[in-house]
Amino acid sequence: MCGRFATRGKAREIARQLGIDEIDLPERYNVAPTTFVLAAVADPAPRWTLLRWGLIPGWAKDISIGSRLINARAESIQEKASFRSSFKRRRCLIPCLGYYEWQRFAHHKQPWFHTYSDDRHMVMAGIWDHWQSPDGSELESFSLITTDSNPLAAQVHHRMPVLLSSQDWSAWMDHSSEKTNHLIPLLGPAGTLIFRFTGSAPVSIQCAMIPQLSSIHCRIPQIFSLIPDGLLLVRSHLALFFCKFLSSPAKYCTEMENFSDMLRVINGLY
DNA sequence: CCAGACGTTGTT
DNA sequence: GTCTGG
DNA sequence: CCAGACGTTGTT
DNA sequence: GTCTGG
């Protein structure tokens with residue numbers, strides 16, 4: 001699944017391909033459901049807009065359903081009442097720096113940051129809908145589509161967000177026909193093998209594992225609490241390291257082949 | 001026909 | 001809104 | 001996803 | 001423990 005992600009940087013590629021503004025994504029390292037996120041929509045002309053994360057179908061009586069519809073399964077998106085019309089008529093692209101996935105252990109959960117190994121944005125596939133509240137105000141919201149994990153991501157979790165490669169963005173955003181069969185092949189884990197965890201290569205995953213951090217008594221969720229959205233309140237070397245790491249994962253990942261390297265990087269910041 | 005649901009996640 | 005179950 | 005709440009009564 | 005709200 002996908003329940004948190006990070007945004008930062010200029011969305012150049014999507015802008016170029018869709019012929020819209022090169023917009024600056026806000027610097028957010030903890031984007032959570034029910035908050036507003038920049039997304040590219042096409043209705044029918046492509047444009048950027050802010051959508052609330054957690055889809056509220058047009059027929060919903062109140063917004064409470066939104067907090068439960070943060071993901072839509074690719075396998076059933078055409079059948080589900082909450083999703084099918086959006087899938088046919090209102091697809092969107094959500095660019096991000098990367099996303100977090102939690103790995104479950106017997107007595108704790110461990111978040112991992114998933115990102116590409118170069119500085120490209122990940123582009124997640126979404127669907128959105130309009131909703132009108134009883135008082136007449138309008139709200140637009142979205143779900144992220146999920147699929148089976150690819151072999152790399154499966155080491156952390158069995159589901160992952162659908163990541164669209166640049167050659168598929170235009171087809172995804174083309175709503176001139178309501179036929180969607182040609183889109184189904186885009187909704188698999190294929191073609192996403194080029195991202196990695198916090199190591200520089202799959203082979204280094206074990207030694208570069210973030211769980212090593214728990215051995216110095218600081219788990220990532222605690223760091224999150226020190227990094228409110230868009231506001232860096234740094235209270236420890238480790239937290240600052242994570243601010244830097246999250247803002248430039250490609251750069252810092254390559255320096256973290258093992259725990260000693262990680263400490264070296266952290267110490268090097270001071 | 002009307003009434004009621006409409007979703008994902010993980011875990012067992 | 002639209003489908004399913006009664 | 002995590003964090004935080006987790007309730008009822010009557011009255012307007 | 002489990003649901004709701006962010």
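Located above this text is the structure these notes cover.
The shown structure was predicted, so the numbers you read here are calculated from the model rather than taken from an experiment. (Residues numbered from 1 in each chain as written. Chains lettered and ligands numbered in written order. Predicted model: local features only at pLDDT ≥ 70, side-chain atom pairs only at ≥ 80, totals over all residues. Heavy atoms only, no water.)

Participant: What's the story with the protein's contact with DNA strand C in this structure? I'm lost.
Facilitator: In the vicinity of DNA strand C, the residues found are Trp 59, Ala 81 and Arg 84. Those atoms of DNA strand C that come within 4 Å of the protein belong to sugar or phosphate at a rate of 29%. (Near = heavy atom within 4 Å.)

Participant: For this particular structure, what's the right way to read the protein's contact with DNA strand E?
Facilitator: In the vicinity of DNA strand E, the contacting residues are Arg 4, Ala 32, Pro 33, Thr 34, Ser 64, Ser 67 and Arg 68. Counting only the atoms of DNA strand E that lie within 4 Å of the protein, the sugar and phosphate share comes to 24%. Here a base nitrogen of DNA strand E sits 3.0 Å away from a polar atom, N or O, in the side chain of Thr 34. Ser 67 places a side-chain nitrogen or oxygen 3.5 Å from a base nitrogen of DNA strand E. For the surface near DNA strand E, the residue count by class is 2 nonpolar, 3 polar and 2 charged. (Polar contact = N/O pair within 3.5 Å; in protein donor to acceptor, adjacent residues only side chain to side chain. Nonpolar A, V, L, I, M, F, W, Y, C, P; charged D, E, K, R; others polar.)

Participant: What is the right way to read the environment of Ala 106 from this model?
Facilitator: Examined against the element boundaries, Ala 106 turns out to sit in the loop between strand S7 (98-104) and strand S8 (109-116). As for Ala 106 and Val 162, which are separated by 56 residues in sequence, their C-alpha atoms are 28 Å apart. (Helix = DSSP H or I, 4+ residues; strand = E, 2+ residues; numbered from the N terminus.)

Participant: Sorry if this is basic, but what is going on with the packing of aromatic side chains here?
Facilitator: Two aromatic rings, taken as a pair, are described by how far apart their centres are and by the angle between their planes. All told, the structure shown has 3 aromatic pairs when counted by the stated rule. With centroids separated by 5.1 Å and ring planes inclined at 55°, the aromatic side chains of Phe 5 and Trp 53 adopt a geometry described as tilted. With Phe 5 in strand S1 (residues 4-11) and Trp 53 in strand S4 (residues 46-53), this residue pair connects regions lying 48 residues apart in the sequence. Among the residues examined, Phe 5 registers a relative accessible area of 0% and is labelled buried. Ring centres of Phe 87 and Trp 172 lie 6.0 Å apart, and the angle between their planes is 55°; this geometry places the pair in the tilted category. Taken together, the positions of Phe 87 in helix H2 (residues 84-89) and Trp 172 in helix H3 (residues 166-173) put the pair 85 residues apart, joining distant regions of the chain. Here Phe 87 matches Trp 172 in class, with each residue buried. Among the aromatic side chains, those forming a connected cluster through ring pairs are Phe 5, Trp 53 and Phe 142. The residue whose ring lies beneath Arg 91 is Trp 172, and the NZ or CZ to ring-centre distance is 5.6 Å. (Phe/Tyr/Trp six-rings, centres within 6.5 Å; stacked < 30°, edge-to-face > 60°. Buried < 20%, exposed > 50% of the residue type's maximum accessible area, 1.4 Å probe, protein only. Lys NZ or Arg CZ within 6 Å of the ring centre and 35° of its normal.)

Participant: Quick question: what am I supposed to make of the side chain of Thr 49 here?
Facilitator: Looking at the secondary structure, you find Thr 49 in strand S4. Among the polar contacts made by the side chain of Thr 49, one reaches the side chain of Arg 47 at a distance of 3.3 Å. Apart from the residues within four sequence positions on either side, Thr 49 is in contact with Val 37, Leu 38, Ala 39, Val 41 and Glu 140. (Contact = heavy atoms within 4.5 Å.)

Participant: It is not clear to me how unusual backbone geometry should be interpreted in this structure. Could you clarify?
Facilitator: The bulk of non-glycine residues show a negative phi, and the bulk of peptide bonds are trans. For the bond running from Asp 43 to Pro 44, omega is -5°, close enough to zero to count as cis. Looking at the element boundaries, Pro 44 is found in the loop between strand S3 (36-42) and S4. Phi is positive for Thr 34, which is not a glycine, with a value near 75°. Relative accessible area serves as the criterion here: at 33%, Thr 34 is assigned to the partly exposed category.

Participant: Can you help me understand the pattern of salt bridges in this one?
Facilitator: Note that side chains of opposite charge can pair when their charged atoms are close. Tallying each qualifying case throughout the model produces 8 salt bridges. Linking Lys 10 and Asp 24 is a salt bridge whose minimum nitrogen-to-oxygen distance equals 3.5 Å. Of this pair, Lys 10 sits in strand S1 while Asp 24 sits in strand S2 (residues 23-31); the two residues are 14 residues apart in sequence, bridging distant segments of the chain. Where Arg 159 meets Asp 148, a salt bridge forms, and the shortest distance between an N and an O atom there is 3.2 Å. Here Arg 159 is found in strand S11 (residues 159-161), whereas its partner Asp 148 is found in strand S10 (residues 138-148), with 11 residues between them in sequence. On the basis of relative accessibility, which here comes to 41%, the residue Asp 148 falls in the partly exposed class. Each of Arg 73, Glu 75, Asp 148 and Arg 159 takes part in one network of salt bridges that share partners. (Salt bridge = Lys/Arg side-chain N within 4 Å of Asp/Glu carboxyl O.)

Participant: Can you help me understand the pairing of S1 in this one?
Facilitator: Along any regular strand the residues' side chains alternate between the sheet's two faces. The pairing of S1 with S7 spans 3 bridges and is classified as antiparallel. When the bridges of S7 are listed, Arg 4 appears paired with Tyr 100. Pairing geometry for S1 and S2, over 5 bridges, is antiparallel. Note that in S2 the partner of Lys 10 across the bridge is Asp 24. (Pairing = 2+ DSSP bridges.)

Participant: Explain the state of the cysteines here, please?
Facilitator: Each disulfide is one covalent bond, formed between the sulfur atoms of two cysteines. On inspection of all chains with the given rule, the structure shows 0 disulfides. For Cys 96, which is in no disulfide, the shortest distance to another cysteine sulfur is to Cys 2 and amounts to 6.9 Å. Relative accessible area serves as the criterion here: at 0%, Cys 96 is assigned to the buried category. (Disulfide = S-S within 2.5 Å.)

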